[in-house]
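Below are the chains, spelled out letter by letter.
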Amino acid sequence: MKRSSRISVTSRPALLGAVVMLALTSASVAAADDGPGPFGVTVDAVANRHTLRVGALFGADRADHLAGGHFCTASVVHSPQRDLIVTAAHCVGGADSDLVFVPGYRDGRAPYGVWKVDRRYLPDGWAKDQDEDSDLAFATVAELDGKHIEDVVGGNRFAPGMATGATAVTLTGYPDTREAPISCTNKPTPHSTSQQRIDCPAFTVGTSGSPWINGDGQVVGVLGGHDEGGTTDDVSYSVVLRSGAAELYKDAAGGS
């Protein structure tokens, strides 16, 4: 499970030390026709205008001392109110305490601010039964210094209905043993009719909620789903984003 032990679950062993740039197969190191190569290699994420939209989730009690306190990942998605983040339901559905989101978090610093998580939007399937096919959530964040979060860091488009594996995607997330994000690009494949999977090394505890972003800047998956994201470091999952995800986004973006 790629949840944090902070939410009272059994964590699998975390990766120790630096991320190893590992090519899984010879095909992994070949550049792809429809996306950047190499595939299936995890590296330190470069700080740029795309990765700053991805951030770490913390308990609100860590707002003034962030280092070592993050437990999941989330990212900003475009919405009319410009205040929306997306993550896995298991990251926010069982947390009773207040949360904060820190986009572009690195090494104990919050270069784009610490944003209070406001209203959370969970699918009925998760709220009632913790159905792994409903492991997706949105949340609004409150204004900070009179600004909306999307005005500060921008937002990716949430894009349900995309065919699994149609293009390569890039995952960016925060292992809870590291103070900076990691990144990996590969092509997802179907795991079942409702779940998709991707081979990317070193996506350990803390990376739940990581966005799967295609070359058009669209979120086409969110790390979670099957076994709450996977039971091994090297294979991760996401629910397939279909009509239920579109309805949840509509509710969250409209503030209903």
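Provided above is the structure to which this section pertains.
Residues numbered from 1 in each chain as written. Predicted model: local features only at pLDDT ≥ 70, side-chain atom pairs only at ≥ 80, totals over all residues. Heavy atoms only, no water.

So, the overall build of the protein chain
Phase 1 of the analysis: Secondary structure assignment for the protein chain yields four helices and 15 strands.
Phase 2 of the analysis: Residues counted as buried form 52% of the 256 residues belonging to the protein chain.
Phase 3 of the analysis: Restricting to contacts in the protein chain with at least 6 residues of sequence separation, those with at least 24 account for 68%.
Phase 4 of the analysis: In the structure as shown, the protein chain presents an accessible area of about 10,800 Å², 49% of it carried by carbon and sulfur atoms. (Helix = DSSP H or I, 4+ residues; strand = E, 2+ residues; numbered from the N terminus. Buried < 20%, exposed > 50% of the residue type's maximum accessible area, 1.4 Å probe, protein only. Contact = heavy atoms within 4.5 Å. Areas by Shrake-Rupley, 256 points an atom, 1.4 Å probe, with all protein chains shown as cover.)

Thoughts on empty space enclosed by the protein
Phase 1 of the analysis: Considering all chains together, one arrives at one cavity of 30 Å³ or more under this definition.
Phase 2 of the analysis: The computed volume of the largest cavity comes to approximately 110 Å³.
Phase 3 of the analysis: Residue lining of the largest cavity: 13 residues in total, with Met162, Ala163, Thr164, Gly165 and Val220 positioned closest to the centre. (1 Å grid on protein atoms, 1.4 Å probe; cavity = no way out; pocket = protein on both sides within 12 Å on 5 of 7 lines; lining within 4 Å. Points joined across faces, edges and corners; volume = space filled by probe spheres on them.)

Things to note about the nonpolar core
Phase 1 of the analysis: Ranked by internal contacts, the top residues of the largest apolar core, which has 21 residues, are Leu57, Ile85, Phe101, Val117, Val141 and Ile149.
Phase 2 of the analysis: Those residues in contact with isoleucine 85, other than ones at most four positions away along the chain, are Leu57, Ala74, Ser75, Val76, Val77, Phe101, Val117, Ala137, Phe138, Ala139 and Val141.
Phase 3 of the analysis: The next biggest cluster of nonpolar side chains, apart from the first, holds 17 residues, and it includes Tyr121, Ile213, Val239 and Ala245. (Core = buried A, V, L, I, M, F, W, Y, C linked by side-chain atoms within 4.5 Å.)

Notes on unusual backbone geometry
Phase 1 of the analysis: We note that glutamine 130 has phi near 50 degrees; this positive angle belongs to a residue other than glycine.
Phase 2 of the analysis: Within the element layout of this structure, glutamine 130 appears in the loop between α2 (124–129) and β7 (137–141).

Notes on the sheet that holds strand β12 (residues 195–199)
Phase 1 of the analysis: Spatially, β11-β12-β15 is the arrangement adopted by the three strands of the open sheet, whose pairing is antiparallel. With one partner strand each, in any of the chains shown, β11 (189–190) and β15 (235–239) form the two edges of the open sheet.
Phase 2 of the analysis: The pairing of β11 with β12 spans two bridges and is antiparallel. When the sheet's bridge partners are listed, threonine 189 is paired in β12 with arginine 197. (Pairing = 2+ DSSP bridges.)

Focus on the sheet that holds strand β10 (residues 182–186)
Phase 1 of the analysis: Strand order in the open sheet formed by six strands is β1-β10-β9-β13-β14-β8, with mixed pairing between adjacent strands. Either end of the sheet is taken by a strand with one partner, and the two such strands are β1 (42–44) and β8 (157–158).
Phase 2 of the analysis: Here two bridges tie β8 to strand β14 (residues 218–222), and the two strands are oriented parallel to one another. Each residue of the ladder has a partner; that of phenylalanine 158, found in β14, is valine 219.

Brief notes about the pattern of salt bridges
If charged atoms from side chains of opposite charge come close, those side chains can pair.
Phase 1 of the analysis: Applying the stated criterion across every chain, the model contains four salt bridges.
Phase 2 of the analysis: In this structure, arginine 178 engages aspartate 44 in a salt bridge whose closest nitrogen and oxygen atoms are separated by 2.4 Å. In this pair, arginine 178 sits in the loop between β9 (169–173) and β10 while aspartate 44 sits in strand β1, placing the two residues 134 residues apart along the sequence.
Phase 3 of the analysis: Residue arginine 178 is classed as buried on the basis of its relative accessible area of 14%.
Phase 4 of the analysis: For arginine 82, the salt bridge goes to glutamate 150, with nearest N and O atoms at 3.6 Å. Highlighted residues: arginine 82 in the loop between β3 (72–77) and β4 (84–87) and glutamate 150 in helix α3 (residues 149–153), separated in sequence by 68 residues.
Phase 5 of the analysis: Relative accessible area serves as the criterion here: at 28%, arginine 82 is assigned to the partly exposed category.
Phase 6 of the analysis: Residue classification places glutamate 150 among the buried residues on the basis of a relative accessible area of 5%.
Phase 7 of the analysis: The network of salt bridges with shared partners includes Arg82, Glu150 and Asp151. (Salt bridge = Lys/Arg side-chain N within 4 Å of Asp/Glu carboxyl O.)

Thoughts on the state of the cysteines
Phase 1 of the analysis: Counted under the stated rule, the structure contains two disulfides.
Phase 2 of the analysis: Put simply, cysteine 184 and cysteine 200 are joined by a disulfide, and their sulfur atoms are 2.1 Å apart. Taking the torsion about the sulfur-sulfur bond, which here is approximately -80 degrees, the covalent link between cysteine 184 and cysteine 200 counts as left-handed. Note that cysteine 184 is positioned in strand β10 and cysteine 200 in the loop between β12 and β13 (211–214), a separation of 16 residues in sequence. For the pair cysteine 184 and cysteine 200, a shared accessibility class is recorded, and that class is buried. (Disulfide = S-S within 2.5 Å.)

What to know about the environment of phenylalanine 71
Phase 1 of the analysis: Relative to the assigned elements, phenylalanine 71 resides in the loop between β2 (54–59) and β3.
Phase 2 of the analysis: Owing to a relative accessible area of 0%, phenylalanine 71 belongs among the buried residues under this scheme.
Phase 3 of the analysis: Residues phenylalanine 71 and proline 175, 104 residues apart in the sequence, show an inter-C-alpha distance of 7.9 Å.

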